[in-house]
Amino acid sequence: MPQEPMAATLGRSAAVGPFFSVRTGAGSPRDQGFLPLAELYGEGASPALRSRVDTVAVRLGTAERRVAASLVQQGLAGRLWSIALAPAVLAGRVPDLGGDALWWHPDRSTPDEVWLPAPSPLRPDAEEDLTSRLRAAVLHGHLMPLHRAISAVTPISARVLWGNAASALVGTLRVLHGWCRKTGHPGAAERAVALAASLLDDDPLRDCGTLDPAVPEFSRRSCCLYYRVPGGGLCGDCVLRRPGR
């Protein structure tokens, strides 16, 4: 039987929550202020990414641009993991997020800031499994170039950024896992944990923290710097929560 259109798969995945939703359908994204995410990854500091970091810094009330940059990157990482992991878990498919396929609006918030005008599945190589497809679509296709792009905007620790990427993956896992169990899909919940664990077991995420798959819960070995925001605090997986830190 023919598979459902990728847009339908993404629509089903959106039921998990706002972070798992992506706008689909034809249109003129650039005319509405959207940019292809790949456009952020060019040489030098992206003006759109720099503007986004500055906007977030103002909203948070912080003069530390590295703090805002960390949270911008972590938020984007969470969106990317969400719109890729849920279709993989629920339908065994990963959307093609490469090239200019996925558009981003620097002035909008979830779920209105990402748009996939012509969604299609990522075509795997003959022996490529779901983990490999997720790694290609999210880690290599976006998070590695985003890491370079954020670092070009403001100096920031690589340890912080990769810790953010790992933490965002487990945050996605926790929401998806809880939704699967609540809606009577225990097998999908187990697949979600297995896929996330496999992704965390490879560079550059391998040394970012420890996953307890039974919960699931994560203890990271770095901090996203949110505690430096006025009125901020420590996240649940933060390294600073542990004694002696």
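Preceding this section is the structure that the text describes.
Given the structure is predicted, the values throughout are model-derived calculations rather than measurements. (Residues numbered from 1 in each chain as written. Predicted model: local features only at pLDDT ≥ 70, side-chain atom pairs only at ≥ 80, totals over all residues. Heavy atoms only, no water.)

*Asks:* Any chance you could break down the overall build of the protein chain for me, citing the residues and the numbers?
*Replies:* For the protein chain, the helix and strand inventory stands at six helices and six strands. Going residue by residue from the N terminus, the α and β elements of the protein chain occur as α-β-β-α-α-β-β-α-α-α-β-β. A compact globule built from 245 residues should have a C-alpha radius of gyration of about 18 Å, and the protein chain, at 17 Å, falls within 12% of that. For the protein chain, the spread of C-alpha atoms along the three principal axes comes to 55 × 45 × 30 Å. Expressed as a percentage of the 245 residues in the protein chain, the buried residues total 49%. Across the protein chain, the fraction of contacts at a sequence separation of at least 24, relative to all contacts at a separation of at least 6, is 69%. (Helix = DSSP H or I, 4+ residues; strand = E, 2+ residues; numbered from the N terminus. Rg over C-alpha atoms; globule rule 2.2 N^0.38 Å. Buried < 20%, exposed > 50% of the residue type's maximum accessible area, 1.4 Å probe, protein only. Contact = heavy atoms within 4.5 Å.)

*Asks:* An account of the sheet that holds strand 2 (residues 35-36) is requested, with residue identities and associated values reported.
*Replies:* The four strands are arranged 1-4-3-2 in an open sheet whose pairing can be described as mixed. Each of the sheet's edge strands pairs with one partner strand only, and the pair in question is strand 1 (23-24) and strand 2. Pairing analysis gives two bridges linking strand 1 to strand 4 (residues 114-116), with the strands arranged parallel. Across the sheet, residue Thr24 finds its bridge partner in strand 4, namely Leu116. (Pairing = 2+ DSSP bridges.)

*Asks:* So what's going on with the packing of aromatic side chains? Which residues, and what values?
*Replies:* Counted under the stated rule, the structure contains one aromatic pair. Aromatic side chains Phe34 and Trp115 sit 5.2 Å apart centroid to centroid with 75° between the ring planes, which places their arrangement in the edge-to-face category. Of this pair, Phe34 sits in the loop between strand 1 and strand 2 while Trp115 is found in strand 4, placing the two residues 81 residues apart along the sequence. Here Phe34 matches Trp115 in class, with each residue buried. Stacked on the ring of Trp115, the Lys or Arg Arg23 has its end atom at 3.6 Å from the ring centre. Its end group placed over the ring of Phe19, Arg79 keeps NZ or CZ at 5.6 Å from the ring centre. (Phe/Tyr/Trp six-rings, centres within 6.5 Å; stacked < 30°, edge-to-face > 60°. Lys NZ or Arg CZ within 6 Å of the ring centre and 35° of its normal.)

*Asks:* A description of the pairing of strand 6 (residues 217-220) should follow, citing residues and the corresponding values.
*Replies:* The side-chain alternation of strand 6 yields one buried face, formed by Phe218 and Arg220, and one unburied face, formed by Glu217 and Ser219. Summarising the sheet, strand 5 (residues 209-212) and strand 6 pair through four bridges and their orientation is antiparallel. Bridge pairing in strand 6 places Thr210 opposite Ser219. Between strand 5 and the antiparallel strand that follows it, strand 6, lie four residues.

*Asks:* Which residues make up helix 2 (residues 47-60), and what values do they have?
*Replies:* Taking 1.5 Å as the rise per residue, helix 2 with 14 residues should run 20 Å; its terminal C-alpha atoms sit 20 Å apart, in good agreement. Of the positions making up helix 2, those classed as buried are Ala48, Leu49, Arg52, Val53, Val56 and Ala57. Buried residues along helix 2 sit in contact with strand 2, helix 3 (65-91), strand 3 (103-104) and helix 4 (130-153). In the stretch just after helix 2, Gly61 is the one whose phi turns positive, near 75°. (Expected span 1.5 Å × (residues − 1).)

*Asks:* Report on the nonpolar core, specifying residues and quantitative values.
*Replies:* Residues Leu49, Leu102, Leu143, Leu176 and Leu205 are the most contacted members of the largest nonpolar core, which totals 68 residues. Elements represented by at least two residues in this core include exactly helix 1 (6-13), helix 2, helix 3, strand 4, helix 4, helix 5 (158-182) and helix 6 (186-200). Among the elements that make up this core, the one with the highest residue count is helix 3 (13 residues). If we ignore the near neighbours within four places in the chain, the residues touching Leu205 are Trp81, Leu139, Trp162, Ala165, Ala166, Leu169, Leu199 and Leu200. Residues Val67, Leu71, Cys224 and Leu225 belong to the second largest nonpolar core, which totals five residues. (Core = buried A, V, L, I, M, F, W, Y, C linked by side-chain atoms within 4.5 Å.)

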